[in-house]
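Listed below, chain by chain, are the residues.
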Amino acid sequence: MKSLRDHFLRLDARSLGLFRITFGLVLIADLFGRWRWVRDFYSNEGVLPNHNHLFNLRGKQQVFSLFHAISTEGEAHFAFSLALVIYALFLIGHRTRVFHVLSVLVLVSLTSRNVLLENAGNYAAIALLALTAFLPCGSRLSLDSLRASLSLRDEKRDTELNDRSRASEAEIAAARLPGWSPASLAALAVLLQLALIYLCTALQQRGEAWRDGTAFYYALHAERLASDAGTWLRDVLPLGTLRGLTFGTWAMQLAIPALLFVPALFRWTRGVAAALMVLHGLILGVFFDLGLFGWALAAAAPLVLPGELWDVYERSWSEGRARTLVYDADCGVCLLLARLIKRLDLREHLTFQGNVTLDELYVRNQTGAEERVPMPKEVTPELVERTALAIDRKGRVYTRGAAVTEGLLALPLGWLAWPLKLPGVSHLLNALYDVVAARRHRISELLGRQACGVPLPDEGEADGGDAGPAPEVPAPAVRTARLALGSVREAAVLVVLAAVLAQTAKENPLPGAAAVPQGAVLAGVASWPRMLARWNVMAPEPPRDNALMVIDGQTRASEPIDPLTGEEPRLQPAAHSGARLGQLWSDYLDRIRRPEWSDYQRAFRDYLAKGGPQASGKGREASLSGFDAYWVSAPIPAPGEPAPSSFERDKLFSHSRGGLGKLGERGLPIAPSVLRHHGKPK
């Protein structure tokens with residue numbers, strides 16, 4: 001039973017910490033992608049002023065966004081700056097639970113500010129971020145855990161630094177307060193959410209293109225779906241490879257849920273599931289403009305890494321990376337840095353040695369035991385007084401900046417320090433090291449550290465007195481409060497999980513889904529944070545037409561212009577880079593043309609009259625006197641067939657005097673790559 005409990009109700013703390021880092025990076029990248037269009041989508045100068053959005057919603061959807069309070073572009077920039085700070089603090093794990101919840105609030109607010117921009121990527125990212133907020137994502141690989149570790153063990157000597165003993169699971173469990181059990185319904189909720197995303201996506205991809213393997217071919221030739229990398233890769237990869245990617249991606253979406261829930265006897269399958277999640281997410285993220293969908297799923301892969309894999313990694317000791325760091329034992333800041341490095345050294349490659357004893361060199365072997373070997377001859381008292389040293393297993397001695405670099409190379413992700421070895425960079429590092437080393441004692445005092453890192457003997461120890469105060473035992477009231485908070489947490493998780501399951505059943509064709517009740521409460525829990533669970537990515541199959549919006553506009557000087565591109569209106573979506581505005585614009589333009597979103601078209605027309613996305617900073621001269629909006633589409637030719645000679649053009653709306661009306665003289669909306677593959681239309 002314990003094995004089953006740990007398999008389904010517990011996620012490794014190291015996995016949660018790595019998830020926080022990867023997901024934080026994805027959130028920051030998404031924020032910068034939105035920041036590019038901060039005027040257009042998040043201010044009243046854009047496509048949807050806040051009052052217009054709220055008025056058009058008026059009870060139709062349950063939407064909450066802090067960004068509805070933002071009016072000007074300057075205010076939006078300030079709000080985005082605050083969001084960046086919140087995401088960054090979540091990434092590094094400072095007061096993790098607080099900034100985790102704030103990150104959920106920011107992401108929900110960004111999504112809800114304009115419902116025409118949201119897609120499955122937003123729903124997936126919000127759901128995963130919200131569910132993991134109930135889990136201890138800051139207990140490892142975080143600033144919080146680093147501070148806690150420094151407070152728990154205050155090493156003063158190299159012998160203490162080299163003590164890598166850890167508390168056992170039994171000791172940790174005995175000290176844990178009620179309500180702080182590592183097993184939680186939140187872990188099961190996260191696993192179920194991941195499994196449902198993949199399973200529902202696969203079940204809805206039932207079109208012929210998925211069955212015959214041409215789904216990726218059509219998706220990559222649809223300009224509104226393909227990313228910049230995807231448009232390049234479609235010209236490079238043969239059709240057979242695209243078929244393999246189509247079948248492989250669909251198969252991964254079925255395999256991952258099964259691997260996540262294989263019984264605990266086969267916990268290693270979680271590692272396979274994590275690898276497939278990364279591969280699946282990177283394929284969708286690199287090839288397509290699907291917003292957060294692929295990147296969020298790839299960033300969530302660390303969640304399912306089992307503790308056994310972490311244990312194997314931490315035991316993967318390499319003699320080539322082993323180093324002994326000789327530091328100034330009389331320098332408080334040097335001791336502090338040694339304590340920090342020790343906690344980053346997950347695989348225990350480093351041994352620490354104060355410069356007060358130079359008769360022998362301390363080294364650590366593969367078993368973790370400490371050995372004594374002869375000190376290299378070039379290590380002298382004069383040398384260790386001037387610089388820290390890094391000494392490898394072959395006796396090579398590194399000084400100054402090189403010692404810093406060697407210490408970093410021994411840590412996880414140490415390969416990131418290789419640029420420090422480059423000529424010029426290494427010289428700058430040496431100069432910086434000399435400046436700091438000459439002032440290390442003064443810096444120690446400024447940081448509130450003793451100039452001497454080795455403390456004097458305590459008077460109580462000298463008298464043979466008590467070794468120290470006994471650990472405090474939490475008061476019964478504290479234990480009761482912790483138990484109550486833990487119970488409330490589990491109850492909240494249960495409500496959110498029920499809402500997720502009911503919403504998923506409502507939006508996706510799952511067997512027996514119609515029998516799952518939802519009700520107003522569960523609907524509200526899912527709707528307000530926009531956890532709408534619509535996993536219809538490229539379903540039932542990718543579009544078989546290449547479509548775009550063309551604005552036939554005229555300036556006040558009666559010059560033709562398309563404000564979406566900043567160029568003369570034309571019907572070839574891939575003929576110029578200006579037409580590629582990214583996922584936000586693709587989703588918005590695809591929705592704003594539809595009758596069900598017609599209430600939002602007036603604000604869009606006003607925005608286009610001001611000059612559109614290319615008008616930022618240009619003032620009145622970018623405004624238009626009139627324009628006509630068209631939705632233009634042409635079928636994507638089947639593999640091996642010639643490009644079509646027909647296209648459709650639907651007029652959506654006009655503004656003022658309309659455009660110049662010369663679109664009929666221009667070419668077909670066919671991507672250049674299609675013409676290269678199939679020849680010009682007859």
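Since the structure is predicted, the reported quantities are computational estimates derived from the model, not experimental observations.

What counts as what
Residues numbered from 1 in each chain as written. Predicted model: local features only at pLDDT ≥ 70, side-chain atom pairs only at ≥ 80, totals over all residues. Heavy atoms only, no water. Pairing = 2+ DSSP bridges. Helix = DSSP H or I, 4+ residues; strand = E, 2+ residues; numbered from the N terminus. Phe/Tyr/Trp six-rings, centres within 6.5 Å; stacked < 30°, edge-to-face > 60°. Buried < 20%, exposed > 50% of the residue type's maximum accessible area, 1.4 Å probe, protein only. Lys NZ or Arg CZ within 6 Å of the ring centre and 35° of its normal. Axes fitted to C-alpha atoms, helices over the stretch in contact; angles between N-to-C directions. Parallel < 35°, antiparallel > 145°, perpendicular 65-115°, else oblique. Left-handed = near helix turned anticlockwise from the far one by under 90°. Contact = heavy atoms within 4.5 Å. Nonpolar A, V, L, I, M, F, W, Y, C, P; charged D, E, K, R; others polar. Patch = residues over 30% accessible without salt bridge, like charges linked within 9 Å, V, L, I, M, F, W, Y side chains within 5 Å. Areas by Shrake-Rupley, 256 points an atom, 1.4 Å probe, with all protein chains shown as cover. Salt bridge = Lys/Arg side-chain N within 4 Å of Asp/Glu carboxyl O.

(A) Inspection of the sheet that holds strand β9 (residues 624–635) at higher detail. Read from one edge of the open sheet, 4 strands run β8-β7-β9-β10, paired in antiparallel fashion. Taken across any chain shown, the strands that pair with only one partner, and hence form the sheet edges, are β8 (560–561) and β10 (648–656). Across 8 bridges, the pairing between β9 and β10 is antiparallel. Note that in β10 the partner of Ala 629 across the bridge is Phe 653.

(B) Broad picture of the packing of aromatic side chains. Scanning the model with the defined rule gives 23 aromatic pairs in all. Both rings, one in Phe 216 and one in Phe 287, keep their centres 6.3 Å apart while their planes meet at 50°; by these two values the pair is tilted. Of this pair, Phe 216 sits in helix α13 (residues 215–220) while Phe 287 sits in helix α16 (residues 269–287), placing them 71 residues apart in sequence. This pair shows no difference in class: Phe 216 is buried, exactly as Phe 287 is. Feature note: the residues Trp 37, Phe 41, Trp 585, Tyr 588, Phe 604, Tyr 607, Phe 627 and Phe 653 constitute an aromatic cluster, connected by ring pairs. Over the ring of Phe 55 we find Arg 58, and its NZ or CZ is 4.5 Å from the ring centre. Above the face of the Phe 653 ring, Arg 605 is positioned so that its terminal group lies 5.6 Å from the ring centre.

(C) Inspection of the packing of helix α11 (residues 185–204) against helix α15 (residues 239–260) at higher detail. One way to put it is that α11 packs onto α15 with a least axis distance of 8 Å and a crossing angle of 150°. Classified by the interaxial angle, the pair formed by α11 and α15 is roughly antiparallel. Handedness of the crossing formed by α11 with α15: left-handed. Contact with α11, carried on its side by Leu 191, Leu 194, Ala 195, Tyr 198, Leu 199, Thr 201 and Ala 202, involves Trp 250, Gln 253, Leu 254, Ile 256, Pro 257 and Leu 260 of α15 and no other residues of that element. In the contact of α11 with α15, the residues fall into 11 nonpolar, 2 polar and no charged.

(D) Just a nonpolar patch on the surface, in detail. Nonpolar side chains collect at one region of the surface, where Phe 64, Leu 66, Leu 105 and Trp 528 lie side by side and expose about 370 Å² of accessible area between them. As for its placement among the helices and strands, Phe 64 is situated in the loop between α4 (50–57) and α5 (73–92). Using a relative accessible area of 39% as the deciding quantity, one classes Phe 64 as partly exposed.

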